[in-house]
Amino acid sequence: MLDNRNQLPPRNLDLFPKLAKNHITIVLYVHNRPQYLQVVIQSLSRVNGIGETLLIVSHDGYFEEMNKIVEGIRFCQVKQIFAPYSPHVFNSSFPGVSPSDCKDKDDPIKQHCKGNPDQYGNHRSPKIVSLKHHWWWMMNIVWDGLKETSQHLGHMLFIEEDHYIFPNAYSNIQMLIDLKPKKCPRCYAANLAPCDVKSRGEGWESLIAERMGNVGYAFNRTVWRKIHEKAREFCFFDDYNWDITMWATVYPSFGGPVYSLRGPRTSAVHFGKCGLHQGNGEKGSCIDNGVVNIEVEEIDKAGNINPKWGVYVVNHQAGYKAGFRGWGGWGDMRDRELCLEFANMYRFKEGTSLS
């Protein structure tokens, strides 16, 4: 059923029949936090230029309330995709919980249960491993599996359901992508926000090149191919976090620092206060009193990147690096094999793009 939904054309083609020639596709990665999703959708509706692009919403399984919120979008073309192998879809079998699965620190021989423990002796938790599965499945399908984007030569911008997007985000990411080849040829990506999620930026009159952050990051097919080449490393690293896996295994394989270009003021803010599969429904919400109070200053309502600025390069940045062993949670061979299956879903098509 979900695979069939993934083949449906984008909505709102009557309102927005054509995409801009050099549009940047926006991919929104969501779980099951309806209150959060409403906030990010409201913020996207105020983004200058949003009507010229395609918004893809990638769901971790199917949740009716989340689906209804997305179906209400009227400000751009929007396509929904649903991870068909989400643990939230498989209630009593892998990748969900099977009755025969080992739990916690069970001994598979003594308990006659199924599973491989991680490096710390813990067995898989489906809700936790789904984060990495969903991200990897999403990357493979948006770059290589959707007819709407498999020939897309430009960048894609990736955001999540707890990222508040400023009105200038689209114009700023366009400017950063245009400036990247000239100002920072060794930058692999562009970012809407600093890699320190608590930072709003330095406020300098300068661009900044630093390690890639996970709030509003954009890269192109050339970079995706480099990532995909490391599918085995990604799928076999014992950490349930996709971003830590990237920092500790994939990026170090690129042969040098993996810089991302950003402005001195943030164009997106991370407002989530709890883990991705908590805060579901009204009672458990992590939004303060149901309201997100994020002040957008006047300067952040329109593009505020000056193409004449130089670039300040942040060297020797703290964070996860090669040699980190991982936080675990990803020791089960079934998860690793499913991850590799996602990597092999589609063959790369001819044609590359410049950074």
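Placed above this text is the structure.
Residues numbered from 1 in each chain as written. Predicted model: local features only at pLDDT ≥ 70, side-chain atom pairs only at ≥ 80, totals over all residues. Heavy atoms only, no water.

Caption draft 1: A look at the overall build of the protein. Check the secondary structure of the protein and you find 10 helices and 11 strands. A globule of 355 residues ought to have a C-alpha radius of gyration of about 20 Å, and the protein, at 20 Å, matches this closely. The dimensions of the protein, computed from C-alpha atoms along their principal axes, are 65 × 45 × 45 Å. When the 355 residues of the protein are sorted by exposure, 55% land in the buried category. Approximately 16100 Å² of the protein is accessible, and the part contributed by carbon and sulfur atoms is 51%. Each charge sign in the protein was given a centre, from 41 positive and 38 negative side chains, and these centres are 4 Å apart. (Helix = DSSP H or I, 4+ residues; strand = E, 2+ residues; numbered from the N terminus. Rg over C-alpha atoms; globule rule 2.2 N^0.38 Å. Buried < 20%, exposed > 50% of the residue type's maximum accessible area, 1.4 Å probe, protein only. Areas by Shrake-Rupley, 256 points an atom, 1.4 Å probe, with all protein chains shown as cover. Lys, Arg positive; Asp, Glu negative; His and termini not counted. Charge placed at Lys NZ, Arg CZ, Asp CG, Glu CD.)

Caption draft 2: A look at the environment of G323. Residue placement: G323 occurs in the loop between β11 (311-313) and α10 (333-343). Among the residues examined, G323 registers a relative accessible area of 70% and is labelled exposed. A sequence separation of 75 residues divides G323 from A248, and the C-alpha atoms of the two residues are 6.9 Å apart.

Caption draft 3: Representation of α10 in the model. The element α10 is largely enclosed, with a buried count of eight among its 11 residues. Listed as buried for α10 are R334, D335, R336, L338, C339, L340, F342 and A343. On its buried face, α10 sits against α5 (126-144), α7 (221-228) and α8 (231-236). The N-cap residue of α10 is D332: its side-chain oxygen and the backbone nitrogen of R334 are 2.9 Å apart. (Contact = heavy atoms within 4.5 Å. Polar contact = N/O pair within 3.5 Å; in protein donor to acceptor, adjacent residues only side chain to side chain.)

Caption draft 4: Structural detail: the state of the cysteines. By the definition in use, this model includes three disulfides. Each disulfide pairs two cysteine sulfurs, and for C184 the partner residue is C187, the sulfurs being separated by 2.1 Å. Measuring the twist about the S-S bond at about 70°, one finds the C184-C187 disulfide to be right-handed. Cysteine C195 is unpaired, with the sulfur of C187 as its nearest cysteine sulfur at 12 Å. (Disulfide = S-S within 2.5 Å.)

Caption draft 5: Expanded view of unusual backbone geometry. Following F94, the chain continues into P95 via a peptide bond in cis, with omega recorded as 10°. Within the element layout of this structure, P95 appears in the loop between β3 (77-82) and α4 (108-111). Positioned with a positive phi, N12 is a non-glycine residue whose angle comes to about 70°. Mapping N12 onto the fold places it in the loop between α1 (2-6) and β1 (25-30). For H112, which is not glycine, the phi torsion reads 50° and is therefore positive. Along the chain, H112 turns up in the loop between α4 and α5. Judged by its relative accessible area of 71%, H112 falls in the exposed class.

Caption draft 6: Structural view of the side chain of R124. Along the chain, R124 turns up in the loop between α4 and α5. There is a polar contact of 3.0 Å between the side chain of R124 and the backbone oxygen of P95. Side chain to side chain, R124 and D335 meet in a polar contact 2.8 Å long.

Caption draft 7: Quick look at the pairing of strand β9 (residues 259-262). The two faces of β9 match: Y259 and L261 on one face and S260 and R262 on the other face are all buried. In this sheet, β9 lies alongside strand β6 (residues 187-191) in parallel orientation, the contact comprising four bridges. Bridge pairing links C187 to Y259 in β9. Across four bridges, the pairing between strand β7 (residues 207-211) and β9 is antiparallel. By the bridge assignment, R211 is partnered in β9 with Y259. (Pairing = 2+ DSSP bridges.)

Caption draft 8: Highlighting helix α3 (residues 64-71). Among all positions in α3, only M66, N67, I69 and V70 are buried. Across the axial projection of α3, the buried residues extend over an arc of 160°, all falling on one side. Those residues of α3 that are buried lie in contact with α1, β1, α2 (34-45), β2 (54-59) and β3. (Arc of directions from axis to C-beta.)

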